[in-house]
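Below, each chain spelled out in residue letters.
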Amino acid sequence: MASAKRPIMTMKHQIYQILKKEICDGNFPPGQWLQEKELAEKLNVSRSPVREALKQLVDEGLAIEYPNKGVFVKEFTVKDIEEIYEVRILLESYAIKNSVKTITTSNIRELMEILHKLTKEYENNDLASYIETDTQLHQYIITLGGNSIVSDIYKRIYSQSQQFRIYSLTTKRRFDDSVIEHKHVVENICSGNWKEADRVNKIHLTLAREEIIEHFEATKKLESDTEEE
């Protein structure tokens, strides 16, 4: 049997992944100028793939381009955060509701494996890995909706939330509650109780949004106080 072909990773896509990770990890903070020439020299590549990668970041809403100035890491507002989570709740609710029509034994097994991995990372207090698996879980739930257009919209929205995703788990209480909420969501999806899964998931996303906004506002206040000194 011929082995499955692996997707070809283009230079542009590799650079895009590197820059996206730098933004999501906070190494390129909001407002930073993403200088095409400087990035090309740093990555030891030509400017063309860097330019293409920056365009994709702009298209996904992670960066913003100002005419005659350049491309900068997007600075999000509280309104942006609220709108992102409103759309996430809508799309995930749609997918959870439709999962009862599409879910298979294979899907259930995959969900339980992701949940097991998530639980282990929580027990090991491995926040970075937990966040990655959290992302995997929510994106997998979206695929259960069986709608490719919803999946495409969600991918764009989720990309924008990655810049501040770690803020949703900054407190121990929120980290503890998060793993319990994920467990209830997965178990109810697997048992076909979509209404309960949707209810718990809405609570989960709402609490994550509130935690992010609280952290965001506290950070902005600290920055403002520092500037005044």
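Residues numbered from 1 in each chain as written. Predicted model: local features only at pLDDT ≥ 70, side-chain atom pairs only at ≥ 80, totals over all residues. Heavy atoms only, no water.

Quick notes on the confidence of the model for the chain
Working step 1: The pLDDT averaged across the chain works out to 89; a share of 92% of its residues lies at or above 70.
Working step 2: Summarising per-element confidence for the chain, the mean pLDDT is lowest in helix H9 (residues 194-228) (85) and highest in helix H5 (residues 105-123) (97).
Working step 3: For residues 1-8, every residue scores under 50 in pLDDT, and the model assigns this stretch zero contacts once sequence neighbours within four places are set aside. (pLDDT = per-residue confidence, 0-100. Helix = DSSP H or I, 4+ residues; strand = E, 2+ residues; numbered from the N terminus. Contact = heavy atoms within 4.5 Å.)

So, the nonpolar core
Working step 1: If you look at the biggest cluster of nonpolar residues, it comprises 26 residues, and the most contacted ones within it are Leu-111, Tyr-130, Leu-137, Ile-141, Ile-142, Val-186 and Ile-189.
Working step 2: Elements with a contribution of two residues or more to this core: helix H4 (78-102), H5, helix H6 (127-143), helix H7 (148-161), helix H8 (172-190) and H9.
Working step 3: By size, the runner-up hydrophobic cluster in this structure holds 16 residues, among which are Leu-34, Ala-53, Leu-57 and Ala-63. (Core = buried A, V, L, I, M, F, W, Y, C linked by side-chain atoms within 4.5 Å. Buried < 20%, exposed > 50% of the residue type's maximum accessible area, 1.4 Å probe, protein only.)

Remarks on the pairing of strand E1 (residues 63-66)
Working step 1: The sheet contact formed by E1 and strand E2 (residues 70-73) spans four bridges and is antiparallel. Each residue of the ladder has a partner; that of Tyr-66, found in E2, is Gly-70.
Working step 2: Where E1 hands over to E2, the hairpin turn is made up of three residues, of which Asn-68 adopts a positive phi near 65 degrees. (Pairing = 2+ DSSP bridges.)

Here we look at empty space enclosed by the protein
Working step 1: Tallied over the entire structure, the rule returns one cavity of 30 Å³ or more.
Working step 2: Each pocket or cavity is described by its volume, and for the largest cavity that value is around 170 Å³.
Working step 3: Around the largest cavity, the lining is made up of 15 residues, and of these Tyr-85, Asp-134, Tyr-158, Arg-165 and Ser-168 lie nearest the centre.
Working step 4: Those elements giving two or more residues to the lining of the largest cavity turn out to be H4, H6, H8 and H9.
Working step 5: Tallying contributions element by element places H6 first for the lining of the largest cavity, with four residues. (1 Å grid on protein atoms, 1.4 Å probe; cavity = no way out; pocket = protein on both sides within 12 Å on 5 of 7 lines; lining within 4 Å. Points joined across faces, edges and corners; volume = space filled by probe spheres on them.)

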